[in-house]
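Commentary on secondary and tertiary structure
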Amino acid sequence: NAGVTQTPKFRVLKTGQSMTLLCAQDMNHEYMYWYRQDPGMGLRLIHYSVGEGTTAKGEVPDGYNVSRLKKQNFLLGLESAAPSQTSVYFCASTVDGGQPQHFGDGTRLSIL
Amino acid sequence: AQSVTQPDIHITVSEGASLELRCNYSYGATPYLFWYVQSPGQGLQLLLKYFSGDTLVQGIKGFEAEFKRSQSSFNLRKPSVHWSDAAEYFCAVGYSSASKIIFGSGTRLSIRP
């Protein structure tokens, strides 16, 4: 039982490059989330999805795009990476929005 | 707007001592309440949850939390901490029909040998 799997685990990018972070869950959850975690700032919600084909903005959506083409996958894209996007990114999923979320182990992203 | 406050950014306790981490929330309806733990380099793991009923809930790793409606609090406790409890702890609030839960900013716990 893999739960929530994030790929890649680590990545270094140059400013202006693009990349996609993949989140996959095998629990048939409807809701999925992308957070970023920075020192002293807790978890900040970037985007989320309440079901296949849906996406919504969180509190820090600028510079990111997402897609939920399949129920089990939630992709986070950086079109033109900036040093301010250096962070640890976490994906989470849950059966219902008010219920506990299951987290992946994170992707550590550095933008030079 | 709903909010969650963890007033302690960093707490240090001696191994074997008791622990209480504070959490206050701001929300009008009956909340769902959660505590998560994050070990270094890891994702968040659910410690315990409260939906309704008994206001004292037991979780994994010997932790418990008590919901006090009158104080809008959901404090996390452990009678005797172990060095392996050193981690960051997050309180979170959700509610029925919500699309997401709200996380506090976290409390980092250090253990003194």
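Just so it is clear, the structure is predicted and the values come from calculations on it, not from any experiment.

Conventions adopted
Each chain carries its own residue numbering, running from 1 in the direction its sequence is written. Lettering for chains starts from A, numbering for ligands starts from 1, and both go in the order in which the items are written. It should be noted that, the model being predicted, local features are given only for residues of pLDDT at least 70 and side-chain atom pairs only at 80 or more, the latter also being counted only at that level, while totals for whole chains, interfaces and linings use all residues. Hydrogens are left out, water is left out, and the side-chain values use all remaining heavy atoms of the structure. It only takes one pair of heavy atoms within 4.5 Å for two residues to be counted as in contact. In this description, buried area is defined as the sum, over both parts, of the accessible area (probe of 1.4 Å) that is lost when the two are combined. Salt bridge, as used here, is a side-chain nitrogen of Lys or Arg placed within 4 Å of a carboxyl oxygen of Asp or Glu. Pairing of N or O atoms within 3.5 Å defines a polar contact, subject to two protein rules: one partner must be a possible hydrogen donor and the other a possible acceptor, and residues neighboring in sequence count only if both atoms are side-chain atoms. Numbering of helices and strands starts at the N terminus; helices are DSSP runs of H or I of at least 4 residues and strands are runs of E of at least 2. Amino acids outside the nonpolar list (Ala, Val, Leu, Ile, Met, Phe, Trp, Tyr, Cys, Pro) and the charged list (Asp, Glu, Lys, Arg) are all regarded as polar, and Gly is one of them. Two cysteine sulfurs form a disulfide in these notes if their separation is within 2.5 Å. Burial classes follow relative accessibility: with a 1.4 Å probe on protein chains only, a residue under 20% of its type's maximum area counts as buried, one over 50% as exposed, and anything between as partly exposed. Put plainly, a pocket is an open set of points on a 1 Å grid over the protein atoms alone with protein on both sides within 12 Å along at least five of seven lines, a cavity is a set where a 1.4 Å probe fits but cannot get out, and a lining residue has an atom within 4 Å of a point. Grid points are joined across faces, edges and corners, and a volume is the space filled by probe spheres set on the points. By definition, two strands form a pair when at least two bridges between them are found by DSSP.

Looking now at the interface of chain B and chain A. Contacts between chain B and chain A engage 20 residues on the former and 19 residues on the latter. At the boundary of chain B with chain A, total buried surface from both sides reaches about 1,500 Å², with 57% on carbon and sulfur atoms. The interface formed by chain B and chain A includes 0 salt bridges. Across the chain B-chain A interface, the total number found is 4 residue pairs in polar contact (both at pLDDT 80 or more). Broken down by secondary-structure element, the contributors of at least two residues to the side of chain B that touches chain A are strand E5 (32-38), strand E6 (44-50) and strand E10 (87-94) of chain B. Here the side of chain B that touches chain A takes 4 residues from E5(B), the largest share from any one element. Counted by class, the side of chain B that touches chain A contains 11 nonpolar, 7 polar and 2 charged residues.

All right, on to the state of the cysteines then. Taken as a whole and judged by the stated rule, the model has 2 disulfides over all chains. The disulfide bridge from A:Cys23 ends at A:Cys91, spanning 1.9 Å between sulfur atoms. The sign of the -75° torsion about the S-S bond sets the A:Cys23-A:Cys91 disulfide as left-handed. Highlighted residues: A:Cys23 in strand E3 (residues 19-25) and A:Cys91 in strand E9 (residues 87-94), separated in sequence by 68 residues. Overall, A:Cys91 belongs to the buried group, its relative accessible area being 0%. Sulfur-sulfur distance for the disulfide between B:Cys23 and B:Cys91 comes to 1.9 Å. Every disulfide takes its handedness from the sign of the S-S torsion; for B:Cys23 and B:Cys91 that torsion is -65°, giving left-handed. One end of the pair, B:Cys23, is in the loop between strand E3 (19-21) and strand E4 (24-26); the other, B:Cys91, is in strand E10, with 68 residues separating them in the sequence. The two residues B:Cys23 and B:Cys91 agree in class, both being buried.

Quick look at the layout of surface pockets now. Its boundaries defined by the atoms lining it, the largest pocket holds a volume of some 460 Å³. Lining of the largest pocket is provided by 25 residues; of these, A:Gln37, A:Pro39, B:Gln38, B:Glu88 and B:Arg108 occupy positions nearest its centre. Sorting the residues of the lining of the largest pocket by element identifies E9 of chain A together with E10 and strand E12 (107-112) of chain B as the ones contributing at least two each. Tallied by class, the residues present in the lining of the largest pocket amount to 10 nonpolar, 11 polar and 4 charged.

This brings us to the pattern of salt bridges. Counting across every chain of the model gives 7 salt bridges over all chains. A salt bridge links A:Lys71 to A:Glu30; the nearest nitrogen and oxygen atoms lie 2.9 Å apart. Here A:Lys71, found in the loop between strand E7 (65-67) and strand E8 (73-78), pairs with A:Glu30, found in the loop between E3 and strand E4 (31-37); they are 41 residues apart in sequence, far enough to count as distant. We classify A:Lys71 as buried; its relative accessible area is 18%. With a shortest N-O distance of 2.8 Å, B:Asp85 and B:Lys78 are connected by a salt bridge. According to the relative accessible area criterion, B:Asp85 is buried, its value standing at 4%. For B:Lys78, a relative accessible area of 10% gives the class buried.

Looking now at the pairing of E3(A). All names here are of chain A. Burial along E3 is one-sided: Met19, Leu21, Cys23 and Gln25 are buried, while Thr20, Leu22 and Ala24, pointing the other way, are not. Pairing between E3 and E8: 6 bridges, direction antiparallel. Paired with Thr20 across the bridge in E8 is Gly77.

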